[in-house]
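So you can see what is in the structure, the chains are spelled out below.
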Amino acid sequence: MPTEELRDGAAKYLMQTYARQPISIVRGRGAKVYDMEGREYIDFVGGIAVNILGHGHPDLIQAIQRQAAQLIHVSNLYYTEPQVKLAQMLVDHSFADRAFFCNSGAEANEAAIKLARRYGHEKHGAERFEIITMKNSFHGRTLATIAATGQEKVQKGFEPLVPGFAYAPFNDFETIAGMVSNKTSAIMLEPIQGEGGVHVADREYLKNLRELCTQQDILLIFDEVQTGMGRTGTLFAYEQLGVEPDIMTLAKGLGGGMPIGACLAKESVAAVFTPGTHASTFGGNPLACAAALAVCRVLLEGRVLDQAKRMGEYLAKGLADCKDRHRVVREVRGLGLLQGLELEIDAKAVVGDCLARGVLVNATSERVLRFVPPLIIAQREIDKLIETLSAIFNHQVVTEKDAHH
Ligand SMILES: *Cc1c(COP(=O)(O)O)cnc(C)c1O
């Protein structure tokens, strides 16, 4: 179907929840994708931090094909090997003792929110239900996760919101310490705010949060849906930030493109989930788990994590040079292969310009370009991105109005 027809079909038949770029992608290889007309693009979006191993990774394809031929789904009424193996893999390589599987980031956060509430109820009584999250955070689009998300734009028109959330400014320990009360069951945050514009949590701030939580038996929840699975150069971002959470959520990169989410927790916390308290029909099905297992194996046994770390540094350096050369760039932020470039101008136009030059990038919050390529991205592909941005920024005039925004 030609792109024009697809666009018309989408306009007619789909609920209009997305603003899409005017291309249709038909195949991918490594860090490149190809559109209907055969044009090539370097993929710095990576399915929004999902395609950890890039497109068409042989190990991932083989794992999915084999498992699909053997058993796709049977429900959680029975044991299946890929689910147990994946849980063990994640437990062996993290702070956590147990895993619950679901299908998305929002669902992983729902599980974390329910777990925290139940823990509060059981250990401290029914008054202990409040979860403090961060302003400018992003935790998903379900009713509970939009309430957890500290951004009015995702909540507007969907009120009444699920009660029991309070919002603290990110990286401000004084304020959150003042908000904590005997109602507080958990503090939930992204170690790096992704959708909110790529803001990295300070180590000192996290250390203080950890101490506060431990003292008052408040659960510390890290939403690593975007930062997990090697994105920042270590399997999980918390490893680099010097603090372990009590609960962690994963999704995006976990299945390398197969939909799967996970909520991981320490034994003492996980113990409040007993049979019948939480469930998901598709959660942890053999096909999704086999894919996630293949992703984990490649990350842990291959050199992909090292590569991600090196390429992350290379990308950050390239972007920093870009900032030095172009007035339109205000700041570079990020860790590993989660990098953001804050501009003095609206980032959306730059996204279109990059697309026209064969580079996929994405804008998050109004003025921030976000780069979340596959971890197998090559140096020359990063060079192409920097060249492309420079060529675009050369034509960009910063008005006084922009600069003082
Ligand atoms: C993308 C994202 C989510 C939501 O994940 P979905 O799979 O879209 O539900 C939650 N938290 C963070 C930090 C994310 O980046």
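Each remark here, short or long, concerns the structure printed above.
Owing to the predicted nature of the structure, the values given are computational and were not obtained by experimental measurement.

Asker: Looking at this structure, how should I read the pairing of strand β14 (residues 338-343)?
Answerer: In regular strands, side chains alternate between the two faces of the sheet. With six of six residues buried, β14 is to be regarded as a mostly interior element. Pairing between strand β13 (residues 329-335) and β14: six bridges, direction antiparallel. Considered in β14, the bridge of V332 is made with L341. In this structure, the hairpin formed by β13 and β14 is closed by a connection of two residues, where G336 is found at a positive phi of approximately 60°. Summarising the sheet, β14 and strand β17 (residues 368-371) pair through four bridges and their orientation is antiparallel. Across the sheet, the residue bridging to G340 is R370, located in β17.

Asker: Just to check I follow, could you spell out helix α5 (residues 105-124) for this structure?
Answerer: Three- or four-residue spacings in an α-helix give side chains the same orientation, since the helix completes a turn every 3.6 residues. Between its first and last C-alpha atoms α5 spans 28 Å; for 20 residues at 1.5 Å apiece the expected length is 28 Å, and the two agree. Taken together, the buried positions of α5 are occupied by G105, A106, A108, N109, A111, A112, I113, L115, A116, Y119 and G120. Measuring from the side-chain oxygen of the N-cap residue of α5 to the backbone nitrogen of E107 gives 3.2 Å; that N-cap residue is S104. Among the residues trailing α5, G125 stands out with phi positive, at a value near 105°.

Asker: Looking at this structure, how should I read the pairing of strand β11 (residues 247-250)?
Answerer: Covered by surrounding structure in β11 are I247 and T249 together with M248 and L250, the residues of both alternating faces. In the sheet, β11 pairs with strand β12 (residues 261-265) via four bridges, with the strands oriented antiparallel. Bridge assignment links I247 to a residue of β12, and that residue is A265.

Asker: Could you clarify how one ought to interpret the sheet that holds strand β16 (residues 362-364) in this entry?
Answerer: Sheets are built from strands that pair by backbone hydrogen bonding, the pairs being arranged parallel or antiparallel. On the basis of which strands lie adjacent, the open sheet formed by four strands has the order β13-β14-β17-β16 and antiparallel pairing. Looking at which strands have only one partner, the edges of the open sheet turn out to be β13 and β16. Across this sheet, the average inter-strand angle for adjacent strands is 30°, counted without regard to direction. Contacts between helix α15 (residues 379-394) and the sheet are confined to β13, β14 and β17, with β17 contributing the most and set at about 165° to the helix.

Asker: Even after reading the chapter, I still don't get the layout of surface pockets, so can you show me in this structure?
Answerer: To find the voids left in a structure, one rolls a probe of water-molecule size over its atoms. Looking at the second largest pocket, its volume works out to about 820 Å³. Lining the second largest pocket are 26 residues, with Q83, A99, F100, F101 and F273 positioned closest to its centre. Elements represented by at least two residues in the lining of the second largest pocket include exactly α4 (81-92), β4 (98-102), α5 and β12. For the lining of the second largest pocket, the element with the highest residue contribution is β4, accounting for four residues. For the lining of the second largest pocket, the residue count by class is 16 nonpolar, nine polar and one charged.

Asker: What is the right way to look at empty space enclosed by the protein in this model?
Answerer: The tally for this structure, following the rule as stated, stands at one cavity of 30 Å³ or more. In this structure, the largest cavity occupies an estimated 50 Å³ of space. Taken together, 13 residues make up the lining of the largest cavity; nearest its centre are S75, N76, Q83, G284 and N285. Residue composition of the lining of the largest cavity, grouped by class: four nonpolar, nine polar and no charged.

Asker: Looking at this model, I keep getting lost on the nonpolar core. Mind explaining?
Answerer: Among soluble globular proteins, nonpolar side chains are generally buried collectively. Formed by 86 residues in total, the largest nonpolar core has its most connected members in I187, L189, M229, L369, F371, L389 and F393. Element by element, the count of residues in this core is highest for helix α12 (residues 286-301), at eleven residues. Not counting chain neighbours up to four residues away, the residues in contact with L189 comprise M134, H139, F170, Y205, L206, L209, L220, I221, F222 and D223.

Asker: How should I be thinking about unusual backbone geometry in this particular structure?
Answerer: Glycine aside, negative phi is the norm for most residues, and most peptide bonds take the trans geometry. Residue P160 is reached from E159 by a cis peptide bond, and omega for that bond is 5°. Along the chain, P160 turns up in the loop between α7 (152-155) and β6 (165-168). Even without being glycine, N171 reaches a positive phi, approximately 65°. Within the secondary structure, N171 is located in the loop between β6 and α8 (173-179).

Scoring rules and cut-offs
Residues numbered from 1 in each chain as written. Predicted model: local features only at pLDDT ≥ 70, side-chain atom pairs only at ≥ 80, totals over all residues. Heavy atoms only, no water. Buried < 20%, exposed > 50% of the residue type's maximum accessible area, 1.4 Å probe, protein only. Helix = DSSP H or I, 4+ residues; strand = E, 2+ residues; numbered from the N terminus. Pairing = 2+ DSSP bridges. Expected span 1.5 Å × (residues − 1). Polar contact = N/O pair within 3.5 Å; in protein donor to acceptor, adjacent residues only side chain to side chain. Axes fitted to C-alpha atoms, helices over the stretch in contact; angles between N-to-C directions. Contact = heavy atoms within 4.5 Å. 1 Å grid on protein atoms, 1.4 Å probe; cavity = no way out; pocket = protein on both sides within 12 Å on 5 of 7 lines; lining within 4 Å. Points joined across faces, edges and corners; volume = space filled by probe spheres on them. Nonpolar A, V, L, I, M, F, W, Y, C, P; charged D, E, K, R; others polar. Core = buried A, V, L, I, M, F, W, Y, C linked by side-chain atoms within 4.5 Å.

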